[in-house]
Each structure stands twice: as C-alpha cells, then as structure tokens.
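# Structural overview for review
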Amino acid sequence: MSQLSTIKDIRPETQTADVARTAGRGTIYITLAKIWFMVSGYAIHFILSRLMSEEQYGLYNVAVYTVSIVNAVIITGTYQTVSKYISQEPEKADAVKSKALKLQTVVGGGASLGFFLLAPMIADSLNDPRLADYLRLASLITLSYSFYAVFTGYFNGLKKFFTQAAIDITYSTLKLAFIIVLVWIGLGVEGGIGGFALAAASVLAISAILARSGKRGGEVRASDLLKFQGYLLGFTLVLNLLQKVDLMLVKALSSPDAFQTSVNSAHYTAAANISNITYQIIISITFVIFPLVSEATFADDRKRTQGYISGTVRYSLMIMALVATLFSANSTEIIRVFYPEKYLPGAAPLSVLAFGMLLFGLLYVLTTIISASGNPKVSLMIGVLTLGASASLNYILIPPYGLRGAATATTAAMLIGVVAASVYLLLKYRVLISPISALRIAGCAGLVYALSIFYSPSSIALVIAQLVVLSILYLGLLLVTRELGRSDMSAIKRIIRR
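Residues numbered from 1 in each chain as written. Predicted model: local features only at pLDDT ≥ 70, side-chain atom pairs only at ≥ 80, totals over all residues. Heavy atoms only, no water.

## Comments concerning the overall build of the protein
Looking only at helices and strands, the protein has 18 helices and zero strands in total. Computed over the C-alpha atoms, the radius of gyration of the protein is 23 Å, within 12% of the 23 Å expected from 2.2 N^0.38 for a compact globule of 498 residues. C-alpha atoms of the protein, sized along the principal axes, occupy 65 × 60 × 40 Å. Residues counted as buried form 53% of the 498 residues belonging to the protein. Within the protein, residue pairs in contact and separated by at least 24 positions form 81% of the contacts whose partners lie at least 6 positions apart. Working note: accessible area of the protein is about 21600 Å², and carbon and sulfur atoms make up 67% of it. (Helix = DSSP H or I, 4+ residues; strand = E, 2+ residues; numbered from the N terminus. Rg over C-alpha atoms; globule rule 2.2 N^0.38 Å. Buried < 20%, exposed > 50% of the residue type's maximum accessible area, 1.4 Å probe, protein only. Contact = heavy atoms within 4.5 Å. Areas by Shrake-Rupley, 256 points an atom, 1.4 Å probe, with all protein chains shown as cover.)

This is how it looks when you write it as structure tokens:
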C-alpha cells in the first residue's frame, strides 16, 4: 500500500487512489493467506507429532522437506514468469496462460518425472532405502504444483489478489484436512504425503475452473516464456540454497564430534526459524509489487517505477526493522518463548541472525523488483554472488567462532547482496530510499533496542507484554519523527474506504 502514496504527484488523484486500494488491499489479502498458511502448517506438525511415531514423523518430514526444494523452485519461477507477461499485456492473459500450461508439461512434468526416477538414489544418499516409495509419491505434489503455479501467476498478473489469496487459503485448509484425516485413519506416512498430494491436485482443479475464460487474444512465444522462466528457476534455486548453506556448514564444520554438530545444528535451527519471521512478514508485498513494477516498466513509466521502488523499500525496511530489533535485543527471552531451556545456546546467533534476515528480506524485495523490470539474469547474478560469499564466509568463520560465526557470516553475505542489488537499482532508476527516511527508521529502531536491554522479563507473559509495548513505542516514534505522516494515513484510509 505504500507504493502509491509516493506517486501522488505523477498520477491523477482518482487513478492513484484506485491503484492504492488495489495494492494495499492486495497486500492485506495475501498477508492473511500467508498467515493462515503458516498457522495451518504449524497445526499439521503439532497434530502429526501426536498421531505418528517418532520414526514415521521423521520419515514424513524428510520426504516433504526434500521435495519442497524442487517445489519452491518450480512455483516461484513459474508464477513470476506468468505474472510478468500478463501484467504487462493483460489482453494476452489467456494466451500466456495457455502457452505456459503447455510449457509446464515439459518443465513441471520433467521435474516430477526426474524426481520420481531419482527417488531410489536420493533415498540411498539419505541412508534410508524406505524413503524411495515416499519420494515417488511426493513427486505427484511437484506435478500438481507446476500447473497450479501457472494459475497463481495468472491471477497475480491480472491483479486479482483476492482470488489469489482465497485459493491459497483453500489450499492450506485442504492440506490440513486431508493430511490429518488420512493419517488419523491409519495410513501413516503414505497418508500424510498422499493427503499433501491430494490437496495440491484439488486446488489445481479449483484454480483451473476459476481461471476459465472465453477469448484468447494475442500470441506469446514459448521461447520468451522459457528464457525468462529459466533465469527465475535458477535464481529461486540459489535463494533456497542461500537459506540453507549456513546450517549445512554448521553441521559439517562446527565440531569434530558428529554428535555435537547435530546438537549445534538444532540450536542454530532454533535461531534460524525465529529470525526467518523477519522476512516472512513482508513476502506478501513482493506478490503485489511484482505485477505493478512489471506493468510500469513495460509501459516505460519511469516515475511510476521509481515510486514503487522507493515506497516498497521504505515500508519493507520500516516493518522488518522493528521485528529484527525486537528479536536481536531480546534473543534469550524470545528463545524461551518458542523453545525449551536446552535451546538457549541459539540466543547468541539469533541476536545477529535477526539482522541477517532483515537484509535477506531486503535482498528478496530488491531482486523481485529487478526481475519484474525484465532483468531476471541480474537477479540470478546477484544471488550467485551472495551465495558464494555466504559459503566462503561460513567456511572461514564457523570453525573458530561456532554458531555466532555462522550468523555473522550469513549476515555479512546478505549485506553484500543488498549492496549489489541497491547499486544496480540506483544506477538504473536513480532511486532507492530517502537517506532521511533510512536514518529515521534506524534511529527509532536503535532507541527501541537500547530500551530493550535494560529489562529482562522473567515470564513468557511479561516477554510478550514487553514486545507489545516496544512495538507501540516504535510506532509512536515513527509518528513523532514524521516518518509516518499524513500521506501515509491518507493511503491507509483509501485502502479501507468502501
């Protein structure tokens, strides 16, 4: 919703208000869908850990985790490609959808078939041949996801954010229901993975029905879609590796004793899971900004593009700065809220990694803008640079400094990526974020950090109360410093007005 308040002087007031409502409400709709996705996901784990034996629960998670790497790459690369071409030429929406569905027969079908055929090899590498059948069953998820991503991109490109969010919520609900029911009736791991696959197939069918349209105007070349998608697939794979390379190197390098490296990995995972919330809260913004930037750059509307960039970066930083500051300054208390006492060693890396995930969130936003402007190759290059820096720095810092070394290395690498992406956008569009805004946000977050370290709550209730009070204080500081002003309030009113 922030993007539009920054461009009131470049667009007629009525049109600006319309786009503000679309962008703002789209962010709200998709945010709600993502919140339900996370809540339902945690519910699945809470219930399955009680319906399954530890062994079954472990096998289920290994199979799902393994296939999720492939799924994440296919989904993001496909939906952004479809959204890009539809948002810039809406009259060709059905032509893009049709061509993309045919293309997914090769891309998604090939990925699913490859995963199916490689299942025994993957199972052997994970030291459990029993996983082969589970992984083969999980390949059906990849097949459904590859086509479902086309429809997600279709609705996103047409800015039908409510429909997109409604389908996502439906999918999360179906996944929760099917998995729990099939495991509850005694189908075990097969039931859990089968329920996952059934939910994916069901939402694919629902999406296909909702995306039916009468006319198919214009033509789109499959080669153009495939080229753009190829870069996005590569970039998404790099991002997924970037989120996991520090944990893998903690397991490999943090101690000569295998048992201790497993314990270290558990502590670092606790820090990573909490710090990941920092960037997850702004993911919905990237869903909304992608088609808007794509449309503006295709129309060669430089001022509107500049408005989208500065507004998105400003509000993303404003939101993530609060979360990262609270997690870093209260790392020990936050660990106690989410985990048992034995996970307290994760507090030290969390105090650093919280800001690392703030930087990752900025990197994700900036590279989304770069890709939406038609330059996914640049995003891929920045991603590769950041991944190389992260792997190298973690390799150097983990042996002498342990978990804090991993968090420091990851944060430094993310900073390198953010600087590279920022330089590119500044050179191309001459805009990023006002230095005054950046200083105000940093100053407000710094004061909250300083106040946090003076008091350590003794109970979970007091921890939560402190976080709420500090959040309200942060908002008040933004208002007092006029970082949040009348234009922001006007934008909010336009979003909620009937």
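What follows picks up the thread again.
## Structural notes on the packing of helix α4 (residues 93-125) against helix α7 (residues 222-242)
Their axes nearest at 10 Å, the elements α4 and α7 cross at an angle of 60°. As summarised for this structure, α4 and α7 are arranged oblique, according to the angle between their axes. In this structure, α4 crosses over α7, and the sense of that crossing is right-handed. Contacts between α4 and α7 involve Val 96, Lys 99, Ala 100, Leu 103, Gln 104 and Val 107 on the former and, on the latter, Ala 222, Leu 225, Leu 226, Gln 229 and Leu 233. For the contact of α4 with α7, the class distribution of residues is eight nonpolar, two polar and one charged. (Axes fitted to C-alpha atoms, helices over the stretch in contact; angles between N-to-C directions. Parallel < 35°, antiparallel > 145°, perpendicular 65-115°, else oblique. Left-handed = near helix turned anticlockwise from the far one by under 90°. Nonpolar A, V, L, I, M, F, W, Y, C, P; charged D, E, K, R; others polar.)

## Structural notes on a nonpolar patch on the surface
Taken together, the side chains of Leu 447, Tyr 449, Leu 451, Ile 453, Phe 454, Tyr 455, Leu 462 and Leu 473 make up a nonpolar region of the molecular surface, amounting to roughly 770 Å² of accessible area. Those elements giving two or more residues to the nonpolar patch turn out to be α16 (435-452) and α17 (460-480). Considering each element in turn, the nonpolar patch owes the most residues, three residues, to α16. Tracing the chain through its elements places Leu 447 in helix α16. (Patch = residues over 30% accessible without salt bridge, like charges linked within 9 Å, V, L, I, M, F, W, Y side chains within 5 Å. Salt bridge = Lys/Arg side-chain N within 4 Å of Asp/Glu carboxyl O.)

## Considering the side chain of Gln 164
Looking at the element boundaries, Gln 164 is found in helix α6 (residues 161-210). Residue Gln 164 is classed as buried on the basis of its relative accessible area, which comes to 2%. Those residues within four positions of Gln 164 in sequence are excluded, and the remaining contacts are Ile 30, Thr 152, Phe 155, Asn 156 and Phe 287.

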